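Here's the letter readout for the chains.
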Amino acid sequence: MHADGATLVPLDSLDVKSVSESRPAKNEPIYILCKSGGRAAKARDRFLAAGISDVVVVEGGTDAWANAGCPVQRSASGVISL
């Protein structure tokens, strides 16, 4: 499951400058989600270390996102989010 419209980037292959430069709305923050928030916090730290400060970790991750009624994409393949 992931937030509808999200760009999926595994933490181990995250290129923060590429993500920052490729976002469609450069005047808006980058919102970072993972299942519970731990990996998102690590991603945020990478953005901050690169001098990119307009990042927001969504508290509670995709579980909180879905529980709040926000749109999500669910995998039909049975893949489990880590």
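Treat the numbers as computed from the prediction; the structure is a model and nothing was measured.

Engineer: Would you explain the nonpolar core in this entry?
Structural biologist: Inside soluble globular proteins, nonpolar side chains tend to come together where they are buried. By size, the foremost hydrophobic cluster in this structure holds 10 residues: Leu-14, Val-16, Ile-30, Ile-32, Cys-34, Ala-40, Ala-43, Phe-47, Ile-52 and Val-55. Every element with two or more residues in this core is listed here: strand E2 (30-32) and helix H2 (38-49). Considering each element in turn, this core owes the most residues, three residues, to H2.

Engineer: Sorry, what's going on with the environment of Leu-8 here?
Structural biologist: Counting through the fold element by element, Leu-8 comes out in the loop between strand E1 (2-3) and helix H1 (16-22). Relative accessible area serves as the criterion here: at 58%, Leu-8 is assigned to the exposed category. Note: C-alpha distance between Leu-8 and Phe-47 (39 residues apart in sequence) is 16 Å.

Engineer: Would you mind showing me how to read the confidence of the model for the chain here?
Structural biologist: Note: predicted coordinates in regions of low pLDDT should not be interpreted at a detailed level. Mean pLDDT over the chain: 85, with 90% of residues reaching 70 or higher. At the level of individual helices and strands, the chain shows its lowest average pLDDT in E1, which scores 79, and its highest in H2, which scores 95.

Engineer: How should I be thinking about the pattern of salt bridges in this particular structure?
Structural biologist: If the charged atoms of two oppositely charged side chains come close together, the side chains can form a pair. If you walk through the whole model with that rule in mind, you get three salt bridges. With its nearest N and O atoms 3.0 Å apart, the salt bridge here joins Asp-54 to Arg-23. Of this pair, Asp-54 sits in the loop between H2 and strand E3 (55-57) while Arg-23 sits in the loop between H1 and E2, placing them 31 residues apart in sequence. The residue Asp-63 makes a salt bridge to Lys-35 at a minimum N-O spacing of 2.9 Å. Taken together, the residues span a long stretch of sequence, with Asp-63 in helix H3 (residues 61-67) and Lys-35 in the loop between E2 and H2 at a distance of 28 residues. By relative accessible area, which is 28% here, Asp-63 ends up partly exposed.

Conventions adopted
- Residues numbered from 1 in each chain as written.
- Predicted model: local features only at pLDDT ≥ 70, side-chain atom pairs only at ≥ 80, totals over all residues.
- Heavy atoms only, no water.
- Core = buried A, V, L, I, M, F, W, Y, C linked by side-chain atoms within 4.5 Å.
- Buried < 20%, exposed > 50% of the residue type's maximum accessible area, 1.4 Å probe, protein only.
- Helix = DSSP H or I, 4+ residues; strand = E, 2+ residues; numbered from the N terminus.
- pLDDT = per-residue confidence, 0-100.
- Salt bridge = Lys/Arg side-chain N within 4 Å of Asp/Glu carboxyl O.

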